[in-house]
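Tertiary structure, described
Residue-level listing of the chains:
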Amino acid sequence: QVELVESGGGLVQPGGSLRLSCVVSGSHFGLKSMAWYRQGPGKERELVASISNDSSTNYADDVKGRFTISRHNTENTLYLEMNSLRPEDTAVYHCHVNAIREPGDYYGWDYWGQGTQVTVSS
């Protein structure tokens, strides 16, 4: 089974930075799309950033120019570099991956991490 473990969240002042990490472990035969989602208090979960195997990326409008998503394939790790943080960035951030579970499978399966809290406040 695939397991995702996020880390790097915490309390930071406005304008500060954080780097989130997501380590993917367990049996799989390739990671396809990977993404970070977040859900703030009283808000719906939203896609923050995504990256595919061809390294193409997408970002939510509110984080463009401030956040950077990247991956380290050899270590099965996904990162989210967060700069110029704002109070509205406060949310639980979840890692998501789509992973191939068996050799030769075309479609992957969705997996979610437990989430890491990011709080931006003075």
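In this text the structure is predicted, and so the values were computed from the model without any measurement.

As for the state of the cysteines
Evaluation of the coordinates by the stated rule reveals one disulfide. Between the sulfur atoms of Cys22 and its disulfide mate Cys95 the distance is 2.1 Å. With the S-S bond torsion at -80 degrees, the cross-link from Cys22 to Cys95 turns out left-handed. Residue Cys22 is located in strand S3 (residues 18–26), and its partner Cys95 is located in strand S9 (residues 91–99); the two are separated by 73 residues in the primary sequence. Neither residue differs from the other here; Cys22 and Cys95 are each classed as buried.

Observations concerning the sheet that holds strand S1 (residues 2–7)
With respect to topology, four strands assemble into an open sheet ordered S1-S3-S8-S7, the strand pairing being antiparallel. With partners counted over all chains shown, the strands left at the sheet margins are S1 and strand S7 (67–72), one partner each. With direction set aside, neighbouring strand axes in the sheet form an average angle of 15 degrees.

Observations concerning the pattern of salt bridges
Considering all chains together, one arrives at five salt bridges under this definition. Measuring nitrogen to oxygen at the nearest pair gives 3.0 Å for the salt bridge that ties Asp89 to Arg38. A residue pair is termed long-range when its members are at least 10 positions apart, and Asp89 in the loop between strand S8 (77–82) and S9 and Arg38 in strand S4 (residues 31–39) qualify at 51 residues. In this structure, Asp89 and Arg38 share a single accessibility class: buried. Between Asp89 and Arg66 there is a salt bridge, and its shortest N-O distance comes to 2.8 Å. Here Asp89 is found in the loop between S8 and S9, whereas its partner Arg66 is found in the loop between strand S6 (57–59) and S7, with 23 residues between them in sequence. Its relative accessible area of 1% is what places Asp89 among the buried residues. Look at the salt bridges and you will find they share partners, linking Arg38, Glu46, Arg66 and Asp89 into a network.

Concerning the packing of aromatic side chains
Applying the stated criterion across every chain yields a total of two aromatic pairs. Aromatic side chains Tyr37 and Trp112 sit 4.9 Å apart centroid to centroid with 55 degrees between the ring planes, which places their arrangement in the tilted category. With Tyr37 in strand S4 and Trp112 in strand S10 (residues 109–112), this pair connects stretches of sequence that are 75 residues apart. Ring centres of Tyr106 and Tyr107 lie 4.8 Å apart, and the angle between their planes is 90 degrees; on these two criteria the pair is classed as edge-to-face. Of the residues examined, Tyr106 reaches a relative accessible area of 62% and is grouped as exposed. Its guanidinium or amino end placed over the ring of Tyr79, Arg19 lies 4.1 Å from that ring's centre, counting from NZ or CZ. Across the ring face of Trp112, the terminal group of Arg45 is positioned such that the distance to the ring centre comes to 4.2 Å.

The rules we used
Residues numbered from 1 in each chain as written. Predicted model: local features only at pLDDT ≥ 70, side-chain atom pairs only at ≥ 80, totals over all residues. Heavy atoms only, no water. Disulfide = S-S within 2.5 Å. Helix = DSSP H or I, 4+ residues; strand = E, 2+ residues; numbered from the N terminus. Buried < 20%, exposed > 50% of the residue type's maximum accessible area, 1.4 Å probe, protein only. Pairing = 2+ DSSP bridges. Axes fitted to C-alpha atoms, helices over the stretch in contact; angles between N-to-C directions. Salt bridge = Lys/Arg side-chain N within 4 Å of Asp/Glu carboxyl O. Phe/Tyr/Trp six-rings, centres within 6.5 Å; stacked < 30°, edge-to-face > 60°. Lys NZ or Arg CZ within 6 Å of the ring centre and 35° of its normal.

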